[in-house]
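# Structural description and commentary
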Amino acid sequence: MSSDKEIEDSYHSMKSPSSSSNDNHEDSKDIENKPIVPVMPTPQVIDPTPLESEPTVPDSESHIQTNDFDAVEKQAKIDDAEQSESQSDENWADSIHVFNPDDEAVSAASLGQSIDNPAGTASLAGSVAASTDFDAETDAEAIDSKQQKRQKKKDKYSLKNFSLKDKTFFGINVTFNVIKRLIMYLIILIVLAGALIGGTGIGFFANLVANTTPPNEREMAEQINRLEQQSTLYYADGNPIASVRTDIVRSVANLNDISNYIVDGFIATEDEYFAEHPGIVPKALLRAVLQTLLTGSGTGGSTLTQQLVKQQMLTNDVTFFRKANEILLALRLENYFTKEEILTAYLNVSPFGRNNNGDNVAGIVKAAEGIFGVAPEDVTLNQAAFIVGLPQDPYTYTPYDQSGKIRDEESLQFGIERMNEVLYRMYRAEKITKDEYETAIAYDITQDFLPPEPREEIRQSYLYQAVMNGAVEELMLLNIQDDGYSWKQVYSDDEWYNEYYFAAEEQLRTGGYRVYSTIDKEIYDQLQESARAYEDQLGAVYDGVYIDPETGVETYYVEEVQTGLVAIDNNTGAVLGFVAGTDFENNQIDHAFQMRRSPGSTIKPLAVYGPAVENNIINPSTVIPDTAFVETYEDGSTWAPTNYGSVVSDTLMTARTALLRSDNLPAVRIYEELRSQGIPIIDYLERMGFNTIDSYTEEDTNNLAFSLGGVTTGPTVLEETRAFSTFANGGEYVDGHYIERIEDAFGNVVFQQDEAPTRVFSEDTNYIMIDMLRDTLTEGTGRTANEYMNVPGDWIAKSGISENSKDIWFIASTPSITIGSWIGYDSRYADYTIDVNDGFDRESVRSQIYWSRIVNDLYELRPEIFGTEETFLQPDSVREQTVLEQTGTLPGRFTHNGNTYQLTGPTKTELFKVSNPAPELTFDFMLGATEEDLARFWNNVRSTQEQQRRQQQQQQQQQQSSQESVESNEGDESNQDESTEDETTENPDENNNPSDEEQPAESTPES
């Protein structure tokens, strides 16, 4: 049996939380204003079954003594009340359990059902009644204890007993401690963020420069002292043509030749730590970085060393890569060179705006001389301060405009304010005294500016202009390619084109390039001399007064015939020489490489006959009508071309004849067939080097008038001449060019002409075209050139006259050289054309005489370039065949609409491709003929054959009559004494009746 003490302890362990829960429950019930249902606390119940180790006690003696441990129970309730203060809202009923020897928990609500012993039940009821008063007392004491503790906590932090002074100091102390902690946390955060950013920045910097090979001392010395940036143009033999003209003037000075005012001003203004830093100032860089991050743009942060590196060794690109390299190179530069060397180089390369001639000046010497007219060691304080302020923004602070005139007062104020800033910084750095500063501030610097002296314009030449422009275009194409675009994209947009062009022009003017042309100086000089000697034989000179319709300003002008000529080496495509004009001073238009005009009939072999032979549409003997042609458009308008002189011959002619005569109507019919078969003529032109944006466009080639030279803009003389050289090169286009190579300032080749030849025509097509073009000189439109030319050789040629005789062309080739020329008026103020009545003969005559005389002069000077002993060789893929003269087909017989036709002669020999031999005779053998054309031809053939048959019959009858007469005379003589009435003579015509079979035609249609 358990002792009283064990029971007490067991009860105590279960009672304490129940009391606390009961209190809380009652509090919550009061708050909710709900009726209280009193439930008596349940004491611990002991199972009546005796333990094995103790004697059995009778039920009547078993009872619970609740009053033996009042003191202990009271203290336990107080402690439990304190510990359960935070749990006052819990349900005490759920936390009361009754002890069970079998370790089962029984709720107080079901207690009566859990006790089987009746005596125990009576005893338990008495114990519960006895403990009611005890719980009431302990609950009150627990409540008092909680209230006292709460009050103590409030009193502990209460300021009611503090004086105003104590309260004030207390508040300050608290505030200070809070701020101190916040600052400490902020500093820690900044340090951590700085470490993170710094580590990231260092890693990023290392990554940017990881693949950059730093230059050695010699390379850096060359770069920072490389002051000569002018580019130079060269002839083919390496002799200079001229240096590229630039308006930057520069002279070099030593530091000893520069005033201390200038040196001190630069250091005080641009780099106050110049003497101490190793090339960079970290805090200045950090300031610039922060400014960039916060405002989007950062200024400053660069030392004089960094500025020198940027000007001489890097580009002006605003990129992290460029900045990282700038920092790296600045540190390296400081390791190799002294401060004096760095400062000297900086003063010699920096830009200083413009001088009084309007030239851009670079270097301290030209700045002092060009603005104030003094040497750099003789400048005053104000002059030095003004010069020192210029490099930051030279074209804002400069006192002169591009023409050398002094700018307006408002514009000058920018430079004066900058000068005052320099003076202040010099004063702050103690480089000048207060008196000097105040005196300088009050000084009027404008009185020291030199008066304007506009520079004298230097006369240039066509050669300089052409090579300069050619080099710019090559650099421009390189830049377009580097940017990932195509030349067609850029050329299609004028604004975009100009952007690239002017950027490349500036690149050439200031980049120190060496441009090697293909121009042979001896040939070029001879061409200029000959052109000037014969220019007065080209046409009449006109003059007049042009009145501007908007301003009313009158301009007197003189209009002379202009000329352009290009001579190309066929094998290499190199332009040996050219004529761009004869009077550069009065007319700077480049008529060889820049001017674009209609090609006239020179387009025919390139875009009409060549493609037609290539696609087996024609051969040299193909017959084409030279009859009236009319094209009607959708709007009802018509186009009716004619031949030269508005003539329509109304005859038939072969392709060979049509080309040598340069007649228009056959060419139109051939081109119509090309167009109907969908032959892409623009592809042929593009392969022959034409700029299909500016010269010939696809839209141009869709018009029939293109076959006669009808274009929007047209080619240059260079383009048309080098395209014609395709025939001389066996059907391959060799790019005609006049820029051979471009090197940068360090000798690196940035451009080299090495374009591979492009196949345009097959060798059989090409040779057939060559043989047809030979006829131009011998029996065609080029007979005048052949007559006046003294140069032997195997020549091919083509002439051309555009509409209304605005453009007159002649192009001819040997196997070695191609020379093309153009004459015409620029018509800058009025529209002028070559007039056949101006006293200088027909257009083609004057043009070909001019061409021949220039060629003769050149042959006398350099006969080896003409290849006079070379000939165009016929390939095995071309053979001769005998064809009918009338039809260009093989002799033969055919039936059409029940009529039988047979033609066997006359015949001739003609060239044909082995792959496309002479065609069979058919009714519709002509190209581009109408039914009327065919009917007329065959009717004419039948009529001619019938006439020939009659003539043959007449001849036979005459022969028979003559024979009979002779025989009669002989009979009379032998039988004059005999007479017989029964003898008769056989009729000789009896067996000679005309045959119905057609006879060979011996005549051709009327022509």
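Treat the numbers as computed from the prediction; the structure is a model and nothing was measured.

For the protein chain, the helix and strand inventory stands at 31 helices and 27 strands. When contacts within the protein chain are restricted to residue pairs at least 6 apart in sequence, long-range pairs at least 24 apart make up 74% of them. Here the protein chain has roughly 52600 Å² of accessible surface; of this, 48% comes from carbon and sulfur atoms.

Before going further, it helps to examine the sheet that holds strand β6 (residues 351-354). With mixed pairing, the three strands of this open sheet are ordered in space as β5-β7-β6. With one partner strand each, in any of the chains shown, β5 (248-250) and β6 form the two edges of the open sheet. Taking each pair of neighbouring strands and ignoring which way they run, the sheet shows an average axis angle of 25°. Where β6 meets strand β7 (residues 360-362), two bridges bridge the pair, whose relative direction is antiparallel. Residue pairing in the sheet places P351 in a bridge with A362 of β7.

Another aspect to go through is the pattern of salt bridges. Following the criterion strictly, the structure yields 30 salt bridges and no others. Among the ionic pairs, E719 bridges to R596, the shortest N-O distance being 2.7 Å. One end of the pair, E719, is in helix α27 (residues 717-728); the other, R596, is in the loop between β12 (575-579) and α22 (604-614), with 123 residues separating them in the sequence. Judged by relative accessible area, R596 falls into the partly exposed class, the value being 27%. Among the salt bridges present, the one from R774 reaches D794, with a minimum N-O distance of 2.9 Å. Pair noted here: R774 is in helix α28 (residues 763-779) and D794 is in the loop between α29 (783-788) and β21 (796-801), with a separation of 20 residues, a long-range link. Residue R774 is classed as buried on the basis of its relative accessible area of 16%. By relative accessible area, D794 is classed as buried at 13%. Here the salt bridges do not stand alone but share partners, grouping R656, D771, R774, D775, D794 and E910 into one network.

On to the side chain of D838, then. With respect to the helices and strands, the residue D838 is situated in the loop between β23 (817-824) and α30 (843-861). According to the relative accessible area criterion, D838 is buried, its value standing at 17%. Within the structure, D838 has its side chain in polar contact with the backbone nitrogen of F840 (distance 3.1 Å). Within the structure, the side chain of D838 is placed 2.8 Å from the side chain of R846, a separation counted as a polar contact.

Buried residues dominate strand β11 (residues 562-569), accounting for eight of its eight residues. Of the two faces of β11, the one lined by Q562, G564, V566 and I568 and the one lined by T563, L565, A567 and D569 are each fully buried. Strand direction decides the pairing type here: β11 and β23, joined by eight bridges, are antiparallel. Looking at the pairing, D569 lines up with I817 of β23. Two strands pair when backbone bridges link them, and β11 and β12 are joined in this way by four bridges, in the antiparallel orientation. Bridge assignment links A567 to a residue of β12, and that residue is G577. From the end of β11 to the start of β12, which pair antiparallel, there are five residues, and G573 there has a positive phi angle of about 80°.

What follows concerns the sheet that holds strand β18 (residues 739-743). By definition, the strands of a sheet pair up through backbone hydrogen bonds, in either a parallel or an antiparallel sense. Taken in spatial order, the five strands line up as β4-β3-β8-β18-β19 in an open sheet, and their pairing is mixed. At either margin of the open sheet sits one strand with a lone partner, and together these are β4 (240-243) and β19 (749-752). Going from strand to strand, the sheet's axes swing by 15° on average, the running direction of each strand aside. Packing against the sheet, helix α18 (residues 462-482) makes contact with β3 (232-234), β4, β8 (514-517), β18 and β19, and its axis sits at approximately 65° to β18.

A few words on the nonpolar core. Judged by nonpolar contacts, the single largest core of 95 residues is most densely connected at F578, Y609, L685 and M688. The element best represented in this core is α18, accounting for eleven residues. Two domains each put at least three residues into this core: domain 1 (217-447) and domain 2 (878-944). Excluding residues that lie within four positions of it along the chain, F578 makes contacts with Y462, L463, A466, I519, Y524, L527, Q528, L565, V566, A592 and F593.

Attention shifts here to the packing of helix α14 (residues 381-389) against helix α16 (residues 409-428). It is at 8 Å that the axes of α14 and α16 come closest, and there the two elements cross at 110°. Put simply, α14 runs roughly perpendicular to α16. Here L381, N382, A385, F386, V388 and G389 of α14 lie close against α16, whose contacting residues are G415, I416, R418, M419, V422, L423 and M426. When the residues that make up the contact of α14 with α16 are grouped by side-chain class, the tally is nine nonpolar, three polar and one charged.

So, about α16. With 20 residues, α16 should cover 28 Å at 1.5 Å per step; its first-to-last C-alpha distance of 28 Å lies within 8% of that length. Of all the positions in α16, only S411, L412, G415, I416, R418, M419, V422, L423 and M426 are classed as buried. Down the axis, α16 shows its buried residues gathered within 155° of arc, on one side only. Turned more than 90 degrees off the buried face of α16, the exposed positions are E409, E410 and R428. Next to the buried residues of α16 lie α8 (260-270), α14, α15 (394-397) and α17 (434-441). With a side-chain oxygen positioned 3.1 Å from the backbone nitrogen of E410, the residue opening α16 is D408.

To continue, consider the confidence of the model for the protein chain. Chain-level statistics for the protein chain give a pLDDT mean of 81 and a share of 76% at 70 or above. Taken as a whole, residues 1-72 scores under 50 in pLDDT and shows 96 contacts with residues more than four places along the chain or in a different chain.

So, about unusual backbone geometry. A cis amide bond links G905 with the next residue in sequence, P906, at an omega value of -5°. Among the secondary structure elements, P906 is positioned in the loop between β26 (899-903) and β27 (907-913). Positive phi, close to 60°, is recorded for D650, a residue that is not glycine. With respect to the element layout, D650 can be found in the loop between β15 (638-639) and β16 (651-654). The phi dihedral of S662 falls on the positive side, at around 60°, and the residue is not glycine.

This part covers the packing of aromatic side chains. Throughout the structure, instances matching the rule amount to 43 aromatic pairs. Geometrically, the ring pair formed by F894 and W938 is edge-to-face, given 5.1 Å between the ring centres and 70° between the ring planes. On the criterion of sequence distance, the pair formed by F894 in strand β25 (residues 892-896) and W938 in helix α31 (residues 931-974) is long-range, its members being 44 residues apart. Both residues of the pair, F894 and W938, belong to the buried class. A ring pair is formed by F925 and F937, whose centres lie 4.9 Å apart and whose planes are at 65°; its orientation type is edge-to-face. Here F925, found in the loop between β27 and α31, pairs with F937, found in helix α31; they are twelve residues apart in sequence, far enough to count as distant. Over the face of the ring belonging to F274 we find K339, whose NZ or CZ atom lies 4.7 Å from the ring centre.

The rules we used
- Residues numbered from 1 in each chain as written.
- Predicted model: local features only at pLDDT ≥ 70, side-chain atom pairs only at ≥ 80, totals over all residues.
- Heavy atoms only, no water.
- Helix = DSSP H or I, 4+ residues; strand = E, 2+ residues; numbered from the N terminus.
- Contact = heavy atoms within 4.5 Å.
- Areas by Shrake-Rupley, 256 points an atom, 1.4 Å probe, with all protein chains shown as cover.
- Pairing = 2+ DSSP bridges.
- Axes fitted to C-alpha atoms, helices over the stretch in contact; angles between N-to-C directions.
- Salt bridge = Lys/Arg side-chain N within 4 Å of Asp/Glu carboxyl O.
- Buried < 20%, exposed > 50% of the residue type's maximum accessible area, 1.4 Å probe, protein only.
- Polar contact = N/O pair within 3.5 Å; in protein donor to acceptor, adjacent residues only side chain to side chain.
- Core = buried A, V, L, I, M, F, W, Y, C linked by side-chain atoms within 4.5 Å.
- Domains from an automatic or database assignment.
- Parallel < 35°, antiparallel > 145°, perpendicular 65-115°, else oblique.
- Nonpolar A, V, L, I, M, F, W, Y, C, P; charged D, E, K, R; others polar.
- Expected span 1.5 Å × (residues − 1).
- Arc of directions from axis to C-beta.
- pLDDT = per-residue confidence, 0-100.
- Phe/Tyr/Trp six-rings, centres within 6.5 Å; stacked < 30°, edge-to-face > 60°.
- Lys NZ or Arg CZ within 6 Å of the ring centre and 35° of its normal.

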